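# Report on the structure
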Amino acid sequence: GARRGRLPALLWLALAPLPGPAARAELRVRVRLPGGQVTEESLQADSGADCVSLELRAADGALVTLTADFRQEVKIFRALILGELERGQSQFQALCFVTRLHRNEIIPSESMAKLRQKNPRTVRQAEEVRGLEHLSMDVAVNFSKAAQLSSHIHNVCAEAREAIYTREEDVKFWLEKGVDGSMFEVLPQGSALPELQRCGLCAERWKPCMCSYSLSIEWYPCMLKYCKSRDTAGRVSSYKCGIRSCQKGYTFHYYVPQKQLCLWDEET
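Read on for an overview of the structure. These numbers come from a predicted model, not from an experiment.

As a further point, take the state of the cysteines. Throughout the structure, instances matching the rule amount to five disulfides. The cystine pairing of the protein, numbering bonded cysteines in sequence order, is 1-2, 3-4, 5-10, 6-9, 7-8. Free of any disulfide, C202 has its nearest cysteine sulfur in C209, 4.8 Å distant.

Written out as structure tokens, the structure is:
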């Protein structure tokens, strides 16, 4: 009891047992964005379905969601990007990027479900910045068949059904696990089509081009911290006593049939 108070962890993993065999929990955390603004991030965990999701509003107004499906080893990034109505765009544009989930990228769902905040008003910044990752999303995913890859794609990517992308190397991994290959379609490649320009350099709105979209998960529990305790007989044991938080940015590169689908690329 008393010793716990000295631990540097920002969030306690409450050791209280949770009701029922599978717990669903939500935590709201205040997070500082790179420009200094504060946003509220929602973390949800469902240990029964063995998945977690994080959602935050980026500085440009885009709503960014990361869903980690541990059972299927799939992570799904979704961005709802506010459209520019005066430029003939719809109210928002939805994108989904589906990649392989590796072990130890994010804490397990049952640990996420147990997170409690000591001080909910605290504005948090990640302890560790993990390097920016560039991902070449060279395969399109068929929405109507994607439930087999992860049941979460249906809910998360419903608005992005025409814009769900993945990578050939991840597809190979899933095919080896027995996922049906007919849901994947290889997209035209920039390397194979030298005339394909970056959308930012492409002058005509109706021409195909290579689009880039960047997003950042500003704060997420990436590792568990363990502390040691000694019992009366002097035996040492370790227990989960907190989390390490990380920030990670991603830039996705993918083919679009017309520049109109990638207007934000002009600004960068």
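As a further point, take the sheet that holds strand β10 (residues 128-136). Pairing is mixed in the open sheet, where three strands are placed in the order β10-β15-β14. Both edges of this open sheet fall to β10 and β14 (209-230), since each of them pairs with a single strand only. Shown here is a sheet whose adjacent strand axes are inclined to one another by a mean of 20°, direction ignored. One ladder, built from 19 bridges, connects β14 with strand β15 (residues 236-256); its direction is antiparallel. Each residue of the ladder has a partner; that of S214, found in β15, is T251.

Right, let's get into the packing of aromatic side chains. Under the counting rule described, the total for this entry stands at nine aromatic pairs. Note on F77 and Y250: the rings are 4.6 Å apart at their centroids and 55° apart in plane angle, and the pair reads as tilted. Of the two residues, F77 sits in strand β6 (residues 74-82) while Y250 sits in strand β15, which places them 173 residues apart along the sequence. Judged by relative accessible area, F77 falls into the buried class, the value being 0%. On the basis of relative accessible area, Y250 is assigned to the buried category, the value being 4%. Taken together through their ring pairs, the aromatic side chains of F77, F97, Y165, Y250, F252 and Y254 make up a single cluster. Directly above the aromatic system of F173 lies the positively charged group of R100, at a separation of 3.6 Å from the ring centroid. The aromatic ring of Y250 is capped on one face by K248, whose charged end is 5.3 Å from the ring centroid.

Procedures and definitions
Residues numbered from 1 in each chain as written. Predicted model: local features only at pLDDT ≥ 70, side-chain atom pairs only at ≥ 80, totals over all residues. Heavy atoms only, no water. Disulfide = S-S within 2.5 Å. Pairing = 2+ DSSP bridges. Helix = DSSP H or I, 4+ residues; strand = E, 2+ residues; numbered from the N terminus. Axes fitted to C-alpha atoms, helices over the stretch in contact; angles between N-to-C directions. Phe/Tyr/Trp six-rings, centres within 6.5 Å; stacked < 30°, edge-to-face > 60°. Buried < 20%, exposed > 50% of the residue type's maximum accessible area, 1.4 Å probe, protein only. Lys NZ or Arg CZ within 6 Å of the ring centre and 35° of its normal.

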